[in-house]
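# Summary of structural features
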Amino acid sequence: MNYSHSLLETYETCPLKYRLIYADRVKTERKSVEAFMGSLVHETMEWLYRQVIMARVPSMEEVETYFSQRWDRFFHDGIFVAHREFTAGDYREAGLKCLRLYYGRYHPFDSGKPIWLERKVVVPIRLEDRQARFVGVVDRLDSLGGGRYEIHDYKTSARFPTLEELERDRQLTLYQIAVENSLPGVREVELVWHYMLFDEELRLRRSAEEVQRVAREASELVMEIESRTEFLPREGDHCDWCEVQEFCPKRKHLHLVGSVAAPELGYDRGARLVDEFVRWKEAREEADRQLKRLREEILEFSAFHQVDNIYGTGHLLKISRGERWKLPSAGTEEREKLAECLKQMGLWDRASDLSESRLQAVLRELEGSEEGSLIQSFLTKEESVALRVSRRVDTDD
Ligand code: SF4
């Protein structure tokens, strides 16, 4: 299997999304408008530099026309806008802004000699017992002469990276290996990111050790993916941009309930069930509040009138009083001392109790360790289902 940067990044973001796209290969027409805009900006930049290589510098108007015509031709219903305060038209303008800023800054595009444009590269990754392949596409490679090269990457994201994020880069660092492996006499390689919406250029040089470290980490990640048997969904803000929501148990209902076919397919029943569930839950919470209040009033009544049995019209309420020992809180010194004392007296087995929720927490901490496996060997697994409700954050009320 080939491993690309987007594959590894997808796995790190959400293992289930990785499985759906790269293992199950589900088919979807959905694409975020950001991804659509980014790919058109890349195509336009490739076209621009192909003209430059042919000794022809297109005008800004031609660049805009190239982008706009492709936008009109390829935009389709599956392209979605996750940021509800923006429209698709805003993204079209943002794409044009990227191109205008870049054009204004670099015209006439002669700071280096472009020798690769959108070039596919393959980097071998050494695994424990064999090799895998990291594949990618270099946006542009410039030769500066004398064995000096620059790997350029265009970014259309509206999020500017921190230095730390840049230093964590894997993609361009692995491309550096491809450049060093493919061209003769490479002396220096510089990584250059163009954050086009900000008109900013970020540069980084990687030492041989750093390149090796990044390659080693990539191979460790590949081995982790290959050894995985379970690919669980990892929810987060990134879900709003997920193209495979319709196949994910976390977002499938939200995705389908807004579609015309929802009532026909029965998906809208889910919304009615949740609404009814919330109504009863709220009624129960209100009932709990009223019961707490009544309990206090009843105890007050009982103390005032010195009565333990209180008669209603059809029911009798009995108050039993007694005493029970209360344990010191978990984690306190008193609790530790008590445990120690019980052990010394040989009473620990009789007095102590295993808390299931605490055991789950311990197992989560020990996940993947020998101790965790040993504890699990005493346990049986049974399905657990919990229903929790919270306010939807995607609605305006
Ligand atoms: S919607 Fe979220 S949790 Fe589901 S596959 Fe996509 S990224 Fe993962």
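Bear in mind that the values here come from a model prediction, so they are computed numbers and not experimental data. (Residues numbered from 1 in each chain as written. Predicted model: local features only at pLDDT ≥ 70, side-chain atom pairs only at ≥ 80, totals over all residues. Heavy atoms only, no water.)

The next thing to look at is the side chain of T10. Tracing the backbone shows T10 in helix α1 (residues 5–13). What makes T10 buried here is its relative accessible area of 12%. For T10, the residues in contact, after removing those within four places along its chain, are P15, K17, Y18 and Y22. (Helix = DSSP H or I, 4+ residues; strand = E, 2+ residues; numbered from the N terminus. Buried < 20%, exposed > 50% of the residue type's maximum accessible area, 1.4 Å probe, protein only. Contact = heavy atoms within 4.5 Å.)

Another point: the pairing of strand β7 (residues 188–195). The buried count for β7 comes to seven of eight residues, which makes it a mostly enclosed element. When β7 meets strand β8 (residues 200–205), the two strands line up antiparallel, connected through six bridges. Within β8, the position partnered with E190 by the bridge is R205. (Pairing = 2+ DSSP bridges.)

You can read the domains of the protein as domain 1 (2–245) and domain 2 (268–318). A C-alpha centroid distance of 60 Å is found between domain 1 and domain 2. (Domains from an automatic or database assignment.)

The next thing to look at is the packing of aromatic side chains. Applying the stated criterion across every chain yields a total of 19 aromatic pairs. Consider the rings of Y11 and Y18, whose centres lie 5.7 Å apart with planes at 85°: the pair is edge-to-face. Assessed through its relative accessible area of 4%, Y11 is described here as buried. Given the relative accessible area of 4%, Y18 is considered buried. Ring centres of Y49 and Y102 lie 6.5 Å apart, and the angle between their planes is 75°; on these two criteria the pair is classed as edge-to-face. Placement of the pair is Y49 in helix α3 (residues 33–53) and Y102 in helix α5 (residues 88–106), with a sequence separation of 53 residues. A single burial state applies to Y49 and to Y102, both of which are buried. Over the ring of W348 we find K343, and its NZ or CZ is 4.8 Å from the ring centre. (Phe/Tyr/Trp six-rings, centres within 6.5 Å; stacked < 30°, edge-to-face > 60°. Lys NZ or Arg CZ within 6 Å of the ring centre and 35° of its normal.)

A few words on the nonpolar core. Core analysis: the biggest nonpolar cluster contains 39 residues, and L8, L141, I151, V179 and W193 have the highest contact counts within it. Considering each element in turn, this core owes the most residues, seven residues, to helix α8 (residues 208–227). With near-sequence residues (within four places) excluded, W193 lies in contact with D153, K155, L166, D169, L172, E200, E201, L202 and L204. Listed in part, the 28 residues of the second largest apolar core include V41, W47, Y91 and Y102. (Core = buried A, V, L, I, M, F, W, Y, C linked by side-chain atoms within 4.5 Å.)

A surface patch of nonpolar side chains, about 450 Å² in accessible area, is lined by V274, F277, V385, L387 and V389. Here F277 is to be found in helix α11 (residues 268–305). For F277, a relative accessible area of 33% translates into the label partly exposed. (Patch = residues over 30% accessible without salt bridge, like charges linked within 9 Å, V, L, I, M, F, W, Y side chains within 5 Å. Areas by Shrake-Rupley, 256 points an atom, 1.4 Å probe, with all protein chains shown as cover. Salt bridge = Lys/Arg side-chain N within 4 Å of Asp/Glu carboxyl O.)

Once that is clear, we can look at the environment of K17. On the secondary structure map, K17 appears in helix α2 (residues 15–23). According to the relative accessible area criterion, K17 is buried, its value standing at 18%. As for K17 and L317, which are separated by 300 residues in sequence, their C-alpha atoms are 56 Å apart. Within the local environment of K17, its side chain forms a polar contact with the side chain of E243, the two groups lying 3.2 Å apart. (Polar contact = N/O pair within 3.5 Å; in protein donor to acceptor, adjacent residues only side chain to side chain.)

Around the ligand, a shell composed of C14, K17, P233, R234, H238, C239, C242, C248 and R251 is seen. In the shell around the ligand, the residues fall into five nonpolar, one polar and three charged. (Near = heavy atom within 4 Å. Nonpolar A, V, L, I, M, F, W, Y, C, P; charged D, E, K, R; others polar.)

A few words now on the side chain of Q51. Its location among the elements puts Q51 in helix α3. On the accessibility criterion, Q51 (17% relative accessible area) is buried. If we skip the residues at most four places from it in the chain, Q51 touches R56 and P58.

The next subject is the packing of α3 against α5. As a packed pair, α3 and α5 sit with axes 10 Å apart at the nearest point and diverge in direction by 30°. When the axis of α3 is compared with that of α5, the two are roughly parallel. Crossing handedness for the pair α3 and α5: right-handed. Contacts from V33, E34, M37, V41, T44, M45 and Y49 in α3 reach A88, Y91, A94, G95, L99 and Y102 in α5. By residue class, the composition of the contact of α3 with α5 is 10 nonpolar, two polar and one charged. (Axes fitted to C-alpha atoms, helices over the stretch in contact; angles between N-to-C directions. Parallel < 35°, antiparallel > 145°, perpendicular 65-115°, else oblique. Left-handed = near helix turned anticlockwise from the far one by under 90°.)

Take the packing of α1 against α2 next. Contact pair α1 / α2: the axes reach a minimum separation of 5 Å and the direction vectors enclose 140°. If you check the angle between α1 and α2, you find them oblique. Contact residues: S6, L7, T10, Y11 and T13 in α1; P15, K17, Y18 and Y22 in α2. Taken together, the residues of the contact of α1 with α2 sort by class into five nonpolar, three polar and one charged.

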